[in-house]
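Descriptive analysis of the structure
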Amino acid sequence: MTDISQAEEKAKIHEGKEADHHPYFRPKDAATLILVDRSGTVPKVLVGKRHDKVVFMPGKFVFPGGRVDKDDYRVPCAAPITAELEANLAKGSPKTPASRAKSLAIAAIREACEETGLCLGRKAQDKTEGKARLEGPWKPFADAGLLPDPSSLFLIARAITPPGRVKRFDTRFFTADASAITHRVEGVIHADAELVELVWVELGSKPLADLHPMTRNVLNELDTRLATGPLRHDAPVPFFHFYGGKMQKDILG
């Protein structure tokens, strides 16, 4: 059994094994954003503590993320995603078209703003356009005269939930430097919210040891990349998925 599989099994014993006998469900596109603060000697990542009464992972530290919404395809942006990021998102089979690649990056920004109140955006050149088209979860951007800006995002990893689960996601894990945060929405984090606390935690510290095993895998990849210097788009991007009942780690290409 691989180290990854052993970690998965230990997590199942600790948290209660998630049912894996359901019929096949096609994974839904999802995105997660890991914000990094590199101003100190040891890089820190932003995690949120989930409410004790939520059904999934109560009381656990998590990164903001969730499913791609249909509106994520149509939202105007302050800048396009970089060609290098688009190329990384296109890797794998079947190839991800440009519109889908953009929606994944935009979903990561939206989820971060919704769950943490931290927004990655840039002033809209045409303020009337931004306010007219940014509605619903994008209203904080419109109120601040911002458009979402995915140009600072890097792809760290891709992972697909194992077959047999009721909820399956094809998740792209993005990262961005904390300096990309341009707006904060007050009142998002409170005692009755999904996330009750936000904490900047040093990589390798104890609070991160209790994360979901897959999230720890992704963090290990991020830690390795940060140790080599500035983030680069040409670094290998791992793809975690299950094949033959076992976790596999491939490199997207």
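Computed from a predicted structure; not experimentally measured.

**Side note on the overall build of the chain**
Looking only at helices and strands, the chain features 6 helices and 13 strands. Here the chain, with 253 residues, has 48% of them falling under the buried criterion. Taking all contacts inside the chain whose residues are at least 6 apart in sequence as the whole, residues at least 24 apart take part in 71%. By element, 52% of the accessible surface of the chain is carried by carbon and sulfur atoms, the whole surface being about 13100 Å².

**Considerations on helix H2 (residues 83-90)**
Those residues of H2 that sit buried are Leu85, Asn88, Leu89 and Ala90. Where H2 is buried, its residues meet helix H3 (98-116), strand S8 (154-160) and strand S9 (169-177). Looking at the residues trailing H2, positive phi occurs at glycine 92, about 100°.

**Remarks on the packing of aromatic side chains**
With the rule as written, the count across this model stands at 1 aromatic pair. Measuring from ring centre to ring centre gives 5.2 Å for tryptophan 138 and phenylalanine 141, while their planes differ by 55°; the resulting arrangement is tilted. Assessed through its relative accessible area of 3%, tryptophan 138 is described here as buried. Note on phenylalanine 141: relative accessible area 0%, which makes it buried.

**Focus: the environment of threonine 161**
Note on placement: threonine 161 falls in the loop between S8 and S9. Put simply, threonine 161 and histidine 241 are 80 residues apart on the chain and 7.1 Å apart in space, counted from C-alpha to C-alpha. The residues touching threonine 161, leaving out its near neighbours within four places in the chain, are Lys167, Arg168 and Phe169. From its side chain, threonine 161 meets the backbone nitrogen of phenylalanine 169 in a polar contact 2.9 Å long.

**Structural notes on the layout of surface pockets**
Considered as a void within the structure, the second largest pocket measures approximately 450 Å³ in volume. Lining of the second largest pocket is provided by 19 residues; of these, Pro27, Pro94, Arg158, Ile160 and Asp170 occupy positions nearest its centre. Put simply, the parts of the chain that give the lining of the second largest pocket at least two residues each are strand S1 (28-37), S8 and strand S12 (238-243). With 3 residues, the top contributor of residues to the lining of the second largest pocket is S12. Its residues assigned to classes, the lining of the second largest pocket shows 8 nonpolar, 4 polar and 7 charged.

**So, the environment of proline 58**
Mapped onto the elements of the fold, proline 58 is located in the loop between strand S2 (44-50) and strand S3 (61-62). Given a relative accessible area of 38%, proline 58 falls into the partly exposed group. In this structure, the C-alpha to C-alpha distance between proline 58 and leucine 195, residues 137 residues apart in sequence, is 9.9 Å. With residues up to four places along the chain from it excluded, the contact list for proline 58 reads His51 and Asp52.

**A word on the pattern of salt bridges**
According to the stated counting rule, one finds 15 salt bridges in the structure shown. In this structure, arginine 110 engages glutamate 111 in a salt bridge whose closest nitrogen and oxygen atoms are separated by 3.0 Å. The same class applies to arginine 110 and to glutamate 111, which are both buried. The shortest N-O distance in the salt bridge between arginine 172 and aspartate 170 comes to 3.3 Å. For arginine 172, a relative accessible area of 2% translates into the label buried. Judged by relative accessible area, aspartate 170 falls into the buried class, the value being 6%.

Cut-offs used in this document
- Residues numbered from 1 in each chain as written.
- Predicted model: local features only at pLDDT ≥ 70, side-chain atom pairs only at ≥ 80, totals over all residues.
- Heavy atoms only, no water.
- Helix = DSSP H or I, 4+ residues; strand = E, 2+ residues; numbered from the N terminus.
- Buried < 20%, exposed > 50% of the residue type's maximum accessible area, 1.4 Å probe, protein only.
- Contact = heavy atoms within 4.5 Å.
- Areas by Shrake-Rupley, 256 points an atom, 1.4 Å probe, with all protein chains shown as cover.
- Phe/Tyr/Trp six-rings, centres within 6.5 Å; stacked < 30°, edge-to-face > 60°.
- Polar contact = N/O pair within 3.5 Å; in protein donor to acceptor, adjacent residues only side chain to side chain.
- 1 Å grid on protein atoms, 1.4 Å probe; cavity = no way out; pocket = protein on both sides within 12 Å on 5 of 7 lines; lining within 4 Å.
- Points joined across faces, edges and corners; volume = space filled by probe spheres on them.
- Nonpolar A, V, L, I, M, F, W, Y, C, P; charged D, E, K, R; others polar.
- Salt bridge = Lys/Arg side-chain N within 4 Å of Asp/Glu carboxyl O.

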